[in-house]
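What follows is the residue order along each chain.
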Amino acid sequence: MTNPRPTPTMTGPNENDFCLALLQRMTLEEKIGQMVQADLHWNEDIEALLRAGRLGSLFTITDPEVINRYQRIAVEESRLGIPLIIGNDTIHGHRTIFPIPLALSCAWDAGLVARVAEAIASETAAAGTSWIFGPMVDICRDPRWGRIAEGAGEDAFLGSEMAAAWVQGFQQGRVPGGRKVAACVKHYGGYGGSEAGKDYNSVDMSDRRLREEYLPPYKAAVRSGCLSLMTAFNDLNGIPASANPFLLQTVLRQEWGFDGLVVSDYDSIGELILHGFANDHREAARKSALAGVEMDMMGNAYHYHLAGLVESGEVPMALIDQAVLHILCIKKDLGLFEDPYVDPAHLQDTLRHPGLLSLALEAAEKSVVLLKNEDHLLPLQPEGKTIALIGPLGEAREDVLGSWRFDGRADETPTLLESLRAALPQSSQLTFTRGCEIEGGEADIAAAVQAASEADIVLLALGESSAMSGEAHCRAHLGLPGHQQALAEAVTAVGKPVIAILFAGRPLVIPWLAGHVPAILLAWQGGSLGAQALANILLGKANPSAKLTASFPRAEGQIPVFYAHKSTGRPFDSSGTLQFNQAHKSGYLDESNLPLYPFGYGLSYTRFEYTDLAVETPEIAPDGTLVVSARIANRGSVFGEEIVQCYVRDLFASVTRPVKQLKAYQKVALQPDEEIRLTFRIPAASLAFYGIEMQPVVEPGGFHVWIGPNSQEGMQGEFAIRA
Ligand code: GLC
């Protein structure tokens, strides 16, 4: 172990000298204390541990007065006065809740994500948190997994863009009172690949898939200067991620040069025992420490066993010193030594500040995906009409906030019913009928049918509760829960125009809705202003522009279904024909291969026309740049934003390659009849992949390129990389 190297910090070298000097004054017990993190449920005397310098971090405390109380003990009543770093899961909001990250990723807008992250950091820091346990960047192609809600969907390229934006917004945003916040990219690594979509389950994949499809967003976060990283619960190819030298040393430290802090997930070190990877806590502590986990979140392993492991020589002191230096440097970097206490006055100025609320509304409007809009049923023409809002999500509050709603409060969250009442003109009439519960309970479908028969237009507010996704909340059946499907069928049978509004933390399996309801809005879980955003979209005050970042399966049996799949040696003809009449092809007898709604899909109230694809560089050098352009026009009657996507396919290579890969996108805003020629410049280096030797290579050969509105449609061209 070389001399401990300080964390790359936002501060200068003399701060690192400060940390080195402090490290040299610390006892082994005080060093290990810095490597232990707890919440207030820990079965120990927290205050006594703080006075003894045996606890370095606390989490899940929202009250600044409580934070200050514990901080005062650490700073003023311990021998060295090392401040605590307070962490929290404000991954999509503290008190002002923004759309769940999966929803926000559908805006395809890194600038918006960075602004949201900065806003979250301002509230979070004002409440005394200096460490946000986010962004969650786990790639996921299995909507059975409840935590798909927390990430940016299925694609490594888009997920990497979002990861970088979250880190920059959290760490470089302006925060009242000058406080800084450290981000913590999680859950490293490959957690979203959990088998069978069950949380905490094993992940087993090739190094090539891991490196090309699951690791890039963590790497993007590290490249963006993320100050910390959280290890995952899962085992990866047989080695638990929280004790995995390949992940934590070979890739993270040696290849990526990460010099920040590595924290475990909640007792994920202790869980090595249940993995059958350690026979007791002492063994678990040894394996995780040697692999490079530097702080034990809410576990007993380091607290009880690390000192003995150092004294026995099984864990080198140099490794402890490196870990503690990373912890001290982050605390120094965040200004905690100079200014350890939070000023509650900032909190009142910051919480639910009008600027935060207007950003939450903008983010929610840009996250809603228009999946279907037959006969331009939307936006509503409500004047003089009776509108029947039907369904349990019509009066949802908590279920609009999402699974990590932290300090978001239901009583501060308007329902869709309230938002519509406020937005509809006097001349229209709005009724509400619950019809059934989200799941279980009694249903009064007859009342809903009656309400529909008395209305001109029906809004069906359906979907999941926020407790049906998120951590440890996985589903094997992804249709509408409870009596909702029966409600939808009965109400639709009345024959009035129906608009379905789906609240969910994941892609749902909704083939019946897609086939029988003329308009469908995917609301996701839009946060504090989610309902108001929906009202604005329903009434045309905002034009939906979001596009899916996770494919919608037609059936659970298709999972994993994602756009960047391989061809196979017997590909079915994906020109829309069902492959039933294609014998001996890679497909199903009873279902299409295609998703119900593909990655990159989303509609607008206007119509965009794609013409005139031009591959301006039909042949490029291995270190060259592909230049391809197309004309995009707004051929509708309202202003709109369009996410124009550019995909490529490597037609043949030393290993099989996906049939499509997103390599660039641009969001354009066009008035009616306005048009623009969009040019994409794609470096050949971005077409590299792990070749037969498992090294990144750019291979010569032919490629297809598409510019289009989603991963299934677009104008196709070709180019080649010359040898
Ligand atoms: C949880 C989650 C992790 C979170 C941590 C602290 O189990 O896996 O995302 O940051 O514990 O709450």
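Above this note sits the structure.
Every value quoted in this text rests on a predicted model; they were computed, and no experiment measured them.

Enquirer: Help me understand the packing of helix α6 (residues 110–126) against helix α15 (residues 354–365), please; the structure alone is not making it clear to me.
Expert: Geometry of a packed helix pair, given as the angle between the helix axes and the separation of the axes. Running from amino to carboxyl end, α6 crosses α15 at an angle of 145°, the nearest separation of the two axes being 11 Å. You can see that α6 and α15 cross each other, and the crossing is left-handed. Packed against α6, whose contacting residues are Leu-112, Arg-115, Val-116, Ala-119, Ser-122 and Glu-123, the element α15 presents Leu-356, Leu-359, Glu-362 and Ala-363 at the interface. Classifying every residue of the contact of α6 with α15 by side-chain character gives six nonpolar, one polar and three charged.

Enquirer: What's the story with the pairing of strand β26 (residues 715–721) in this structure? I'm lost.
Expert: On β26, burial follows the alternation: Met-715, Gly-717, Phe-719 and Ile-721 on one face are buried, whereas Gln-716, Glu-718 and Ala-720 on the facing-out side are not. Pairing of strand β18 (residues 619–620) with β26, which is carried by two bridges, proceeds in the parallel orientation. The partner of Ile-620 across the bridge, within β26, is Ile-721. Between the end of strand β25 (residues 701–708) and the start of β26, which pair antiparallel, lie six residues, with Gly-714 showing a positive phi angle near 150°.

Enquirer: Is there a simple way to think about the environment of His-704 in this case?
Expert: As for its placement among the helices and strands, His-704 is situated in strand β25. Judged by its relative accessible area of 19%, His-704 falls in the buried class. A C-alpha to C-alpha distance of 12 Å links His-704 and Pro-658, two positions 46 residues apart in sequence. Residues within four places of His-704 in sequence aside, it is in contact with Tyr-647, Val-648, Arg-649, Leu-651, Gln-716, Gly-717, Glu-718 and Phe-719. A polar contact of 3.2 Å, which involves the side chain of His-704, links it to the side chain of Gln-716.

Enquirer: Explain the environment of Ala-614 here, please?
Expert: Along the chain, Ala-614 falls in strand β17 (residues 608–615). Sequence-distant contacts of Ala-614, defined by excluding residues within four places in its chain, comprise Val-627, Val-628, Ser-629 and Arg-677.

Enquirer: Could you clarify how one ought to interpret the site of the ligand in this entry?
Expert: As a structural note, the neighbourhood of the ligand is formed by Phe-59, Asp-89, Phe-133, Arg-147, Lys-186, His-187, Met-230, Phe-233, Asp-265, Tyr-266, Met-297 and Glu-471. Lys-186 is positioned with one of its side-chain polar atoms (N or O) 2.8 Å from an oxygen atom of the ligand. Within the side chain of Glu-471, one N or O atom sits 3.0 Å away from an oxygen atom of the ligand. Summarising the interface, the protein chains cover 94% of the accessible area of the ligand, which totals 310 Å² for the free molecule. Looking at the shell around the ligand, its residues break down into six nonpolar, one polar and five charged.

Enquirer: Please explain the side chain of Lys-331 as it appears in this structure.
Expert: Counting through the fold element by element, Lys-331 comes out in helix α13 (residues 317–333). Among buried Asp, Glu, Lys and Arg side chains, Lys-331 stands out as unpaired, with Glu-30 the closest opposite charge at 12 Å. A polar contact of 2.5 Å, which involves the side chain of Lys-331, links it to the side chain of Gln-34. Beyond its immediate stretch of four places on either side in the chain, Lys-331 contacts Gln-34, Gly-56, Ile-82, Pro-83, Leu-84, Ile-85, Leu-336 and Phe-337.

Enquirer: Can you help me understand empty space enclosed by the protein in this one?
Expert: Here the idea is plain: a probe the size of a water molecule rolls over the atoms and shows the empty space left. As enumerated under the stated definition, the model contains six cavities of 30 Å³ or more in all. The computed volume of the largest cavity comes to approximately 100 Å³. If you trace the largest cavity, you find 13 residues lining it, with Gln-34, Leu-50, Gly-53, Ser-78 and Ile-82 closest to the centre. Here the lining of the largest cavity is built from residues that sort into seven nonpolar, four polar and two charged.

Enquirer: Got a minute to help me understand the nonpolar core in this structure?
Expert: Generally speaking, nonpolar side chains in soluble globular proteins are found buried as a group. One finds Tyr-188, Tyr-302, Ile-390, Trp-524 and Tyr-597 to be the most contacted residues of the largest nonpolar core, which totals 177 residues. Not counting residues up to four positions away in its chain, the partners in contact with Tyr-188 are Leu-215, Tyr-218, Leu-229, Met-230, Thr-231, Ala-232, Ala-241, Leu-247, Leu-248, Val-251, Leu-252 and Trp-256. Counting 34 residues, the second largest nonpolar core, distinct from the first, contains Leu-378, Ile-438, Met-468 and Ile-499.

Cut-offs used in this document
Residues numbered from 1 in each chain as written. Predicted model: local features only at pLDDT ≥ 70, side-chain atom pairs only at ≥ 80, totals over all residues. Heavy atoms only, no water. Axes fitted to C-alpha atoms, helices over the stretch in contact; angles between N-to-C directions. Helix = DSSP H or I, 4+ residues; strand = E, 2+ residues; numbered from the N terminus. Left-handed = near helix turned anticlockwise from the far one by under 90°. Contact = heavy atoms within 4.5 Å. Nonpolar A, V, L, I, M, F, W, Y, C, P; charged D, E, K, R; others polar. Buried < 20%, exposed > 50% of the residue type's maximum accessible area, 1.4 Å probe, protein only. Pairing = 2+ DSSP bridges. Polar contact = N/O pair within 3.5 Å; in protein donor to acceptor, adjacent residues only side chain to side chain. Near = heavy atom within 4 Å. Areas by Shrake-Rupley, 256 points an atom, 1.4 Å probe, with all protein chains shown as cover. Lys, Arg positive; Asp, Glu negative; His and termini not counted. Salt bridge = Lys/Arg side-chain N within 4 Å of Asp/Glu carboxyl O. 1 Å grid on protein atoms, 1.4 Å probe; cavity = no way out; pocket = protein on both sides within 12 Å on 5 of 7 lines; lining within 4 Å. Points joined across faces, edges and corners; volume = space filled by probe spheres on them. Core = buried A, V, L, I, M, F, W, Y, C linked by side-chain atoms within 4.5 Å.

These figures come from the coordinates and say nothing about function on their own.
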